[in-house]
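Reading the structure
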Amino acid sequence: MANLERTFIAIKPDGVQRGLVSEIIKRFKQTGFRLVALKFLRASKDHLKQHYSDLKDHPFFPGLVKYMNSGPVVAMEHHSWQ
């Protein structure tokens, strides 16, 4: 019996700005992923700090939060069968 695998995918601000959203979605679908949810948003700094909390002790953490907050992102959930 196949197992359902759920995957979170985020298209970062530069990918959104460069207009790559549809191409990235197309490539994932070609590999067998099934898009089940998509949200276009601008994540708050507090949300990003929580999402990346496992990286908070690294020197690049402040820059990561600033970059991810610099523009909109596309958050997606994909399903695939293993």
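A few points on the structure. Please read these numbers as outputs of a predicted model, since none were measured by experiment. (Residues numbered from 1 in each chain as written. Predicted model: local features only at pLDDT ≥ 70, side-chain atom pairs only at ≥ 80, totals over all residues. Heavy atoms only, no water.)

What follows is about the nonpolar core. Within the largest apolar cluster, eight residues are counted, these being Ala 43, Leu 48, Tyr 52, Phe 61, Leu 64, Val 65, Met 68 and Val 73. Aside from chain neighbours lying at most four places away, what touches Leu 64 is Tyr 52 and Leu 55. Ranked by size, the runner-up nonpolar core spans six residues in total, among them Val 16, Ile 25, Val 74 and Met 76. (Core = buried A, V, L, I, M, F, W, Y, C linked by side-chain atoms within 4.5 Å. Buried < 20%, exposed > 50% of the residue type's maximum accessible area, 1.4 Å probe, protein only. Contact = heavy atoms within 4.5 Å.)

Glancing now at helix 4 (residues 61-68). By the burial criterion, the buried members of helix 4 are Phe 61, Leu 64, Val 65 and Met 68. Buried residues of helix 4 fall within an arc of 95 degrees about the axis and therefore sit on the same side. For helix 4, exposure combined with an orientation more than 90 degrees from the buried face picks out Pro 62 and Lys 66. Of the surrounding secondary structure, the elements contacted by the buried residues of helix 4 are helix 1 (13-17), helix 3 (45-51) and strand 3 (73-81). (Helix = DSSP H or I, 4+ residues; strand = E, 2+ residues; numbered from the N terminus. Arc of directions from axis to C-beta.)

Before going further, it helps to spend a moment on the pairing of strand 3. Taking burial as the measure, the nine residues of strand 3 include seven buried ones, the bulk of the element. Here strand 1 (residues 4-11) pairs with strand 3 via eight bridges, running antiparallel. Considered in strand 3, the bridge of Ala 10 is made with Ala 75. Pairing analysis gives seven bridges linking strand 2 (residues 34-41) to strand 3, with the strands arranged antiparallel. Looking at the pairing, Lys 39 lines up with Ala 75 of strand 3. (Pairing = 2+ DSSP bridges.)

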